[in-house]
Protein chains: 2
Amino acid sequence: MKVALIGFGNLGKGLTRVLLEKGDYLKEKSGVFLEVTAAVDSGGAIIDEEGINIKDLLEAGQREGSIAEHIDGGEIGTTALDVIERVNSDLVVELTPTSIKDGEPGLTHIKKSMELGKHVVTANKGPLVVGFQELEKLSKEAGVEFRYSATVGGAMPIFGLAKGQMSGDSISEIQGVLNGTTNYILTRMAEEGAPFDVVLNEAQELGIAEEDPTLDIDGVDTAAKITILTNSLLDRNVKLDDVKIEGISRIGPKVTKLAQETGNEVKLVGIANSHTLEVSPKLVPSNNPLAVKGSLNSVTLKTDLAKEITITGFGAGPRETSSALLGDIVNVYKSVEV
Amino acid sequence: MKVALIGFGNLGKGLTRVLLEKGDYLKEKSGVFLEVTAAVDSGGAIIDEEGINIKDLLEAGQREGSIAEHIDGGEIGTTALDVIERVNSDLVVELTPTSIKDGEPGLTHIKKSMELGKHVVTANKGPLVVGFQELEKLSKEAGVEFRYSATVGGAMPIFGLAKGQMSGDSISEIQGVLNGTTNYILTRMAEEGAPFDVVLNEAQELGIAEEDPTLDIDGVDTAAKITILTNSLLDRNVKLDDVKIEGISRIGPKVTKLAQETGNEVKLVGIANSHTLEVSPKLVPSNNPLAVKGSLNSVTLKTDLAKEITITGFGAGPRETSSALLGDIVNVYKSVEV
């Protein structure tokens, strides 16, 4: 299967490293044979319809500037859209930076790919927050696979689970601890009794929190993820604005401590069911599977048969996210190459 | 897809109830159309190649004796093997009582079904404990689907997860709390400080523990499940005898209490990796996703990409187990009827 990599930041590089490392394993175990025919970043593209040498691509990615500058035949100035339109590929992997405001440029990339009959795998939340049902419809009309496991919860295979093994169940409610940064801060406050600002600083130094952590702390990132989960698993058509959002900035170590003394943990929880769609700090009993620590993520699905299934995993990191991307890619391969 | 139900005890009845309840939902949501052409218990069979009326079947199942006695045209004395050999069915659902000693009668039922080119879904641990690799090989040679989600952890969709969405990951270790009875006893001892015998009695009265709970308490049930997980997910060929087993009968409320005071829980844990294959009571940190309470089950997979994924759910109960059976059935349908 010919693959075009759209976006070559941390996630693109992480996935490429995994493809290099596991290419033989995938061929042997699952009969999956992947060729990268294009990779493009904001400065240009590398294109080879016979299959790019992955090692060379990774080396180019380790240097300053665009990958196009560091490989023979690299095309400076060639854009993602050029690549999608021009290069022979069966699958487009969309990994450009996300915007939950308008979903661009990912939204345009994904639509164009589908229109051209290409399957899409993405880690990009923005396009799904803005236009989930539109993209679902487009993928069905075009007869292409559309998978987005990496958009919610990094390595946590929630969509594959709900749509695969649990497809006999009807899901009535989703509850999730979906943001590693806030969960790390809440966990550290509870454990150490340290003030919010101190813990946030620590998280930034460790690279767990971003320079500007507003979207995490205000609950918007969690709301974006609960929006995607709601549209995908409850088959609704909700927008980010429909989510009632409260962040964790008013939570201090006194509250987290007091919670622990009563056998609870404070968690930033997203909830979606037929009458509720909200993100807010909640008291979760310590022995509830949702009460995960540190940068772990966790989602509980309430269903008619299984009652409650919880899945817990690492919600971020290029290698962990590659688990979700690669799972999606393998499953696209399997559903196509029969 | 024509389905033969082999065994009509609690699980068979539970699944049939779910088929009645969700038939329309499955048709609408997944395009899955199922017809039960035969159901057989130890006393006889009901057969209708045009599709048995599910409501009549359920009513027959609620009465004393064999279902064959309570429906017009019921065949008293017809055996499971007769049904597998004679009745037109694409899928055999094997739900007879389990024997982890020789796997019979399930082992013979499953082999015969595969030899006749029928897909197999089962909740029966015995045949997989005794002959997993043989059955895997046979299913491949016969070109039939073979799914067994319900054999481990009831509703917990661990196989579908590992072989579906996580198929890009290499699994190196499995850890599991896989027996609801022992986990209930350990949880109650820790919470109430009540002695082992008292809690066991309570569990028996609630129907959580069986009349003869030896296989649970001695760790043999957990060992059977870790044997299946090891053979399926680590692609090994181990036998029940290869598992080093220690049960929970030596654990008292003093130990569970002491564990809690140090931030831990005592759990009966099965572990499988390249150098260990054992079941024993272990101290698990309270905030570890494996430290589930009551009759919940939990499995952690350690992998090269996702690092750790934990899945938690109800490990028993006819309705919960129907979640796994139905998921398997839907996935057989999808992989066959393309």
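This structure is a prediction, so every number in the text was calculated from the model and none was measured.

Asker: Got a minute to help me understand the domain arrangement of chain A in this structure?
Answerer: The accessible area lost on association of the parts is a frequent measure of interface size. Residue and element names in this part refer to chain A. Once the domains are mapped, chain A shows domain 1 (2–154 + 318–335) and domain 2 (165–314). For domain 1 versus domain 2, the separation of C-alpha centres amounts to 28 Å. Across the contact, 13 residues belong to domain 1 and 17 residues belong to domain 2. Taken together, the two surfaces of domain 1 and domain 2 that pack against each other cover about 1,200 Å², and 68% of this comes from carbon and sulfur. The largest contributions to the domain 1 side of the interface with domain 2 come from V129, Q133 and V152, which together make up 41% of the buried area. The interface formed by domain 1 and domain 2 includes 1 salt bridge. One salt bridge in this structure joins D221 and K125, with 3.3 Å as the shortest N-O distance. Taken together, domain 1 and domain 2 are joined by 5 residue pairs in polar contact (both at pLDDT 80 or more). A total of 6 residues in the side of domain 1 that touches domain 2 trace back to one element, the largest contributor, which is helix α5 (residues 125–142). Residues of the side of domain 1 that touches domain 2, tallied by class, amount to 7 nonpolar, 4 polar and 2 charged.

Asker: Could you clarify how one ought to interpret the sheet that holds strand β13 (residues 308–314) of chain A in this entry?
Answerer: Strand order in the open sheet formed by 12 strands is β9(A)-β11(A)-β10(A)-β8(A)-β12(A)-β13(A)-β13(B)-β12(B)-β8(B)-β10(B)-β11(B)-β9(B), and the pairing between neighbours is mixed. Lying at the two open borders of the sheet, with one neighbouring strand each, are β9 (244–245) of chain A together with β9 (244–245) of chain B. Sheet topology places β9(B) next to strand β11 (residues 277–285) of chain B; 2 bridges connect them, and they run parallel. Each residue of the ladder has a partner; that of I245(B), found in β11(B), is V279(B). Together, β8 (171–177), β9, β10 (264–272), β11 and β12 (296–303) of chain B form the strand contacts of helix α10 (residues 220–233) of chain B, whose direction differs from that of β10(B) by roughly 45°.

Rules used throughout
Residues numbered from 1 in each chain as written. Chains lettered and ligands numbered in written order. Predicted model: local features only at pLDDT ≥ 70, side-chain atom pairs only at ≥ 80, totals over all residues. Heavy atoms only, no water. Domains from an automatic or database assignment. Contact = heavy atoms within 4.5 Å. Buried area = accessible area lost by both parts, 1.4 Å probe. Salt bridge = Lys/Arg side-chain N within 4 Å of Asp/Glu carboxyl O. Polar contact = N/O pair within 3.5 Å; in protein donor to acceptor, adjacent residues only side chain to side chain. Helix = DSSP H or I, 4+ residues; strand = E, 2+ residues; numbered from the N terminus. Nonpolar A, V, L, I, M, F, W, Y, C, P; charged D, E, K, R; others polar. Pairing = 2+ DSSP bridges. Axes fitted to C-alpha atoms, helices over the stretch in contact; angles between N-to-C directions.

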